[in-house]
Amino acid sequence: MPTISLCMIVKNEEVHIARCLGSVAGLVEEIIIVDTGSTDRTVEIASDYTTKVYSYPWKDDFSDARNYSFSQASMDYCMWMDADDILEETEKDKFLHLKQSLPPDIDIVMMKYNTSFDEAGKPTFSYFRERWIRNCPQYRWIGAVHEVIPPNGKAIYSDIAICHKKIGAADPDRNLRIYQKMASDGKQLEPRQQYYYGRELYYHKQYKKAISVLEEFLLSADGWVENKIEACSICASCYYQIGQEQSALATLLRSMSFDLPRAELCCEIGKHFLEHGNLHHAIYWYETALNVPKNEHSGGFTLPDCYDYVPFLQLCVCYDKLGDRKKAKEYNEKAGACKPYSQSYLYNKRYFDSL
């Protein structure tokens, strides 16, 4: 059975770290904590779980700190988590079973990363990340922000999920500051970092600058197709914010020049036509979303609701506006089958019951 080193970089995580370490203690053979300058009780709490707690200077580079944490590992595989991540009780048996059954030639284990949840705790945003990585020098992190280990070797996908559950707000400007410092230092952003830089600009409502960065990324010959598709979505959102709605729609449609339609983009296009009163076009795109197969192994960001719940709910709205109450009610019931606790579904149900 393979052994695992949990490798974490932390700073001022006294609120989260005991919850995180408690969720995996006993499942891994070694815990490596690299502290990058905590001024709270993070180190003290971490020391209750491991003696391998190291101080390391923060250099505005997540890859640098993560690679240092990997360099301290002594087990067969390195596993990373952030302090505000947790392995739920429902996943622990699967975690142990995977350890016991993992073929010896596997280099990387991809696991689900659930980062947003609805009112019932059901994931609404997820994607796969490299989670167990063979402990050898060829597997190292790159990228100062939104760091990644370039795919290499033999990988498998597991349905085990790590959940990201932050308590309180983080520093919202940290990533943008790092990118801006890189730019001021004259560093050329590689395509993946260019995409994430544009995304940070969007989050900070610098819409015109975000469009400029993302359009440059979209025009480049390089870059991962999933990032290109997501860049179309973000760029379209920027165009909407500055009132250029036709440019927004064109950018959403442009996403299909990179690959087959994604349900997430189909729902955005459907929303555009619904808000402009073009109900038959909206229906077409929401029905298309329902027929798009969900490929969670593409590595891209996935909004599971866009493959059933959202188009069902929006088709209910479209048909109600067209006066077809019977069909509208049928679609609302389908939405309710996905999420019987949804306030939108329950509101619609009361509406139809009152007719």
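Right above here is the structure, for reference.
All figures in this text were calculated on a predicted structure; none of them were measured in a lab.

What counts and how
- Residues numbered from 1 in each chain as written.
- Predicted model: local features only at pLDDT ≥ 70, side-chain atom pairs only at ≥ 80, totals over all residues.
- Heavy atoms only, no water.
- Helix = DSSP H or I, 4+ residues; strand = E, 2+ residues; numbered from the N terminus.
- Expected span 1.5 Å × (residues − 1).
- Buried < 20%, exposed > 50% of the residue type's maximum accessible area, 1.4 Å probe, protein only.
- Contact = heavy atoms within 4.5 Å.
- Pairing = 2+ DSSP bridges.
- Polar contact = N/O pair within 3.5 Å; in protein donor to acceptor, adjacent residues only side chain to side chain.
- Phe/Tyr/Trp six-rings, centres within 6.5 Å; stacked < 30°, edge-to-face > 60°.

## Quick word on unusual backbone geometry
If you check the backbone angles, aspartate 60 has positive phi at about 55° while not being a glycine. Topologically, aspartate 60 is positioned in the loop between β3 (53-55) and α3 (62-71). If you check the backbone angles, histidine 146 has positive phi at about 50° while not being a glycine. The topology assignment puts histidine 146 in the loop between β7 (123-134) and β8 (155-164).

## Some details on helix α6 (residues 191-203)
Between the first and last C-alpha of α6 there are 19 Å, a value that for 13 residues agrees with the 18 Å anticipated at 1.5 Å per step. With ten of 13 residues buried, α6 is to be regarded as a mostly interior element. For α6, the elements touching its buried residues are α5 (174-184), α7 (207-219) and α8 (225-241). Lysine 205 lies just past α6 and shows a positive phi near 65°.

## Regarding the side chain of glutamine 194
Among the structural elements, glutamine 194 can be located in helix α6. Leave out the neighbours within four places in its chain, and glutamine 194 touches Leu189, Val213, Glu216 and Phe217.

## Some thoughts on the pairing of strand β4 (residues 77-80)
A two-sided burial pattern is seen for β4, the buried positions comprising Tyr77 and Met79 on one face and Cys78 and Trp80 on the other. Note that strand β1 (residues 4-10) and β4 share four bridges and pair parallel. Looking at β4, one finds that isoleucine 4 is bridged to tyrosine 77.

## What to know about the environment of serine 38
Here serine 38 shows up in the loop between β2 (30-35) and α2 (42-46). For the pair formed by serine 38 and leucine 6, sequence separation is 32 residues and the distance between their alpha carbons is 19 Å. Among all residues touching serine 38, those that are not within four sequence positions of it are Val10, Lys11 and Asn12. Among the polar contacts listed, one links the side chain of serine 38 to the side chain of aspartate 35, at a separation of 2.4 Å.

## Overview of the packing of aromatic side chains
If you walk through the whole model with that rule in mind, you get 21 aromatic pairs. Their ring planes at 75° and their centres at 4.8 Å tell us that tryptophan 58 and phenylalanine 62 sit as a pair that is edge-to-face. Exposure remark for tryptophan 58: the relative accessible area of 29% places this residue in the partly exposed category. On the basis of relative accessible area, phenylalanine 62 is assigned to the buried category, the value being 12%. Considering the side-chain rings of tyrosine 319 and tyrosine 331, the 5.8 Å spacing of their centres and the 10° angle between planes classify their relative orientation as stacked. Note that tyrosine 319 is positioned in helix α12 (residues 309-321) and tyrosine 331 in helix α13 (residues 325-338), a separation of twelve residues in sequence. Exposure remark for tyrosine 331: the relative accessible area of 10% places this residue in the buried category.

## Observations regarding the pairing of β1
Buried residues dominate β1, accounting for seven of its seven residues. Burial of the side chains of β1 extends over both faces: Ile4, Leu6, Met8 and Val10 are buried on one face and Ser5, Cys7 and Ile9 on the other. Direction of pairing for β1 relative to β2: parallel, over a ladder of six bridges. Paired with serine 5 across the two strands is glutamate 30, which belongs to β2.

The values reported here are purely geometric and, on their own, carry no functional implication.
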